[in-house]
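Coordinates in review
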Amino acid sequence: MNNPQQDSTDVTRKTLPPDGKVNNAKFKINLFVLFPWFKKICKWRSIQFLLVFPTMVIFLFFLYAGLFGSRVGNRNIIVIFVWILWWFLLITFMVPFASRVWCFVCPFPFFGEWFQRGALIKVRVGKMLGLRNKMFGLNKRWPKFLTNIWLQNILFLAMCTFSAMFLTRPVVSVLILGGLFVAATFLSMIYRQRAFCMYVCPVSGFQGLYAMTSMIELRATDKEVCRKTCKTKNCLTGSEEGWACPWFQYMGKMERNNYCGLCMECVKSCPNDNISLNVRPFCGDTLIKGYDEAWKSFIMLALAMVYSVTLLGPFGTIKDWANVAETGNWKGFSIYAGIIWFTALVGIPFVWYLASRLGRFLSGTNEVSTKDIFIRYSYMLVPLGLLAWIAFSFPLIMINGSYIISIISDPLGWGWDLVGTAHVPWKPIFSQYTAHVQIPLLLLGLYFAIKRGYDISLTLYQNKSRAARSLIPVVVVCTAMILAFLKLFTG
Amino acid sequence: MKFKEILATISVIVSVIALPLVINWYHESYVLGAYPEGTKVITLSAVAKGGAWTLDKVDGTNYWWKDFKPATINLEEGDKVVLRFESTDVHHRFYCPELNIGPVEVEPGHIVTAEFEANEAGTYRYYCTSMCGDCHFYMQGWIVVTAKGQPPQQPEEIAMACEQHYEKPPKKDMVTWGKYLYYKNACISCHGDEGQGGVENINYIKDEIPAHDILAEKLWLKEKEHVDIFVDMLKKRVDFEDLEEEPDIPLFNLVLKQYNAAKDLIRYGKHCAKADAAGPEPPLQMVSWQALLTDYDMDSIITYLLMLYEWEDDEE
């Protein structure tokens, strides 16, 4: 089972490629070298507060709007800005181009981190729990059996099952977002650092997985400096310049984007100035480490499929099943929920397992176990799933985009007209080009799935032919999935 | 650093406290306060659940549990009024024919306004005239205009409130099933308790909604035994188009014609004609039920209404 806390401390697992590299990006540009002023900004202690504070105020405004504004979904800013605009920006731009930059400005842990640190900007120096920072709260260790992303997987699946409710009911959005906000604050008082973000936050889970594709990474410039020269390991333990990594990462061993929240504390605290913010090619990290991460990729793909069928497809009955708040059809909703959970947790994984077994058989050797093939090849569903989500999200913004314009003027649906756009009528934006956007995205997803799948196969097998043969069944599965999406999107 | 920390802390605390205050201040000052001085601004929220135009603030925190009551709007003669309508759920239509307000289309989540001057003292009934749900027909209330210096008049009570929880009887008994449908579908709100009619419909050519407890008479069923025979045929689902033998009911063709007319009225609805062509549209209209009621349902309602007729006791 994967332990994200060990992500930066355990790189000697069996599933590692023979050369030990988990990141196959050869081309990298260090933005800190290219733009020294940007590094200065990142090292500036106030920067995170200055970015999170407005986000937090906007978030509180959304909660207020959800509670006391119009209870009609498309007339309330919490629904339109969170589930349409934010989601689109997150999945389409932030994650693929800027990794987990959202975690840098996320308001959920704002109060929790404030109470925990007893500071909004400054660093408290002290000595506790092996750290060089002083923190408040109980500072307990997160239960060992939960040091994986299974909880996030289940919570995300549960949350998405009720998506039709929070897309139409602002108060349900408040319950979900406010619940996460309260949970983040509460857990910060009990557990160390950002245990909530690391193990509980449903948004964090999929961000971590899809951040593997991101064209940005924060890494140690030279890991040898961390391992051999650096005695203090400030990134992990903190210093008077920066807090100990809230995500429990040690830069000397951090090889993937999955559990780096880009908070830039390591940039501030590194005594050797050994941190780089690199631009790299798409799909730089390719190592899936455990079943929990593999299942995350299955869940995300299943949800992209179910959402596409429910929200974009012509199936009125399924829409009615999903929209139980309107229809009150709990029997239909149970079927809908059952389909989601079965597809995500059993259906796709089972097909993947069969393809992995067949791949092992076709490879003609037993040198790689079915388990390793199953887990490592599941990475192929990361670019595939991400691009499918983007392909799903484009029509969402094209159809509902005009609501954003009117909501800016009347965020609570109270009859305001702040910037004179309150009465802009709903109108789909360039919706005639939806398929033109979706088809290339899906094909790009398939291309990266196969390309990276092949790269992974070469790390598993010494022989190129065996590697290619082992890949055939999963490529067939990926192609079938993309064809299903194409059929659904283009009719 | 200490100064920055204090400044940051103050910023957070102030913004958390000030946020709701600023929102409400803006709303009161720049939205509600934007109307000319002396104007009475009244916000009416339409709630399909329960059927009410309410003066209460309706939002996500109270919609689910609160029992919203139809508003009585009290005004004084000469008041200049702006009514701000908002729908909290589905499409509604506000209509107060006697004050010449509306019909105002009220889309969910949009605020629309209607302005008027309360010139004459009186009680004026308002309605929702867009089929908005199970409680649509109960969505009525009063605008009461009182002479200056006088206490507000008490309007007559709106006949009844929407009751959505009728016990569902077995479908096979047409009379009880018809009664259930008559009450559940709010036929009672216009046609009165037990089909007595008498509900006023402004500028309607017949003034009032006709009674239906005399449906037997309207169908030319002059004897109780004729009604029993006809109801029996309805229960047996006899095909009136393909009768082998005509029943023992006088003027049966006429009865059949009237029965079909009554059923068509339920099926397709009817536009209520104006008494004064230049006057307002009558607010109460017979809607089409063909999408909601089956053929059996319609026959059940007719059966129930036929059974309401009070026969003189022949034996006496």
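Procedures and definitions
- Residues numbered from 1 in each chain as written.
- Chains lettered and ligands numbered in written order.
- Predicted model: local features only at pLDDT ≥ 70, side-chain atom pairs only at ≥ 80, totals over all residues.
- Heavy atoms only, no water.
- Pairing = 2+ DSSP bridges.
- Helix = DSSP H or I, 4+ residues; strand = E, 2+ residues; numbered from the N terminus.
- Axes fitted to C-alpha atoms, helices over the stretch in contact; angles between N-to-C directions.
- Domains from an automatic or database assignment.
- Contact = heavy atoms within 4.5 Å.
- Salt bridge = Lys/Arg side-chain N within 4 Å of Asp/Glu carboxyl O.
- Nonpolar A, V, L, I, M, F, W, Y, C, P; charged D, E, K, R; others polar.
- Patch = residues over 30% accessible without salt bridge, like charges linked within 9 Å, V, L, I, M, F, W, Y side chains within 5 Å.
- Areas by Shrake-Rupley, 256 points an atom, 1.4 Å probe, with all protein chains shown as cover.
- Polar contact = N/O pair within 3.5 Å; in protein donor to acceptor, adjacent residues only side chain to side chain.
- Phe/Tyr/Trp six-rings, centres within 6.5 Å; stacked < 30°, edge-to-face > 60°.
- Buried < 20%, exposed > 50% of the residue type's maximum accessible area, 1.4 Å probe, protein only.
- Lys NZ or Arg CZ within 6 Å of the ring centre and 35° of its normal.

Focus: the sheet that holds strand β7 (residues 111–117) of chain B
All names here are of chain B.
- Strand order in the open sheet made by the 4 strands is β2-β1-β4-β7, with mixed pairing throughout. The open sheet terminates on both sides in strands that have one partner only, identified here as β2 (52–54) and β7. Averaged over all adjacent pairs, the angle separating strand axes in this sheet is 25 degrees, with direction ignored.
- Inspection of the sheet shows strand β1 (residues 39–47) paired to β2 by 3 bridges, in the antiparallel sense. Bridging from a neighbouring strand, A46 pairs with W53 of β2.

Section: the domain arrangement of chain B
All names here are of chain B.
- According to the domain assignment, chain B contains domain 1 (32–146) and domain 2 (174–315).
- On the domain 2 side, the residues contacting the 10 residues of domain 1 number 15 residues.
- The tally of links between domain 1 and domain 2 comes to 0 salt bridges.
- Along the lines of polarity and charge, the residues of the side of domain 1 that touches domain 2 split into 6 nonpolar, 2 polar and 2 charged.

So, a nonpolar patch on the surface
- A grouping of F27(A), I29(A), L34(A), F35(A), W37(A) and I41(A) is seen on the molecular surface, where their side chains present a nonpolar patch of about 580 Å² in accessible area.
- Tracing the backbone shows F35(A) in the loop between α1 (31–34) and α2 (36–43).

Some remarks on the side chain of T39(B)
Residues and elements named next belong to chain B.
- Structurally, the position occupied by T39 is in strand β1.
- Of note is the side chain of T39, whose polar atom sits 2.6 Å from the backbone oxygen of P36.
- Not counting residues within four places of it along the chain, the set of residues in contact with T39 comprises K80, V81 and V82.

Digging into the packing of aromatic side chains
- Counted under the stated rule, the structure contains 62 aromatic pairs over all chains.
- Where W87(A) meets F206(A), the ring centres are 5.2 Å apart and the plane angle is 50 degrees; that geometry is what we call tilted. Of this pair, W87(A) sits in helix α4 (residues 77–98) while F206(A) sits in helix α11 (residues 202–210), and the two are 119 residues apart along the sequence.
- We classify W87(A) as buried; its relative accessible area is 10%.
- Through pairs of rings, three or more aromatic residues link up here, namely F49(A), F53(A), F59(A), F108(A), F110(A), F111(A), W114(A), F115(A) and F181(A).
- Positioned above the aromatic ring of Y63(B) is the side chain of R71(A), whose terminal nitrogen or guanidinium carbon lies 3.4 Å from the ring centre.
- Above the plane of the ring of Y63(B) lies K49(B), whose end atom (NZ or CZ) is 5.5 Å from the centre.

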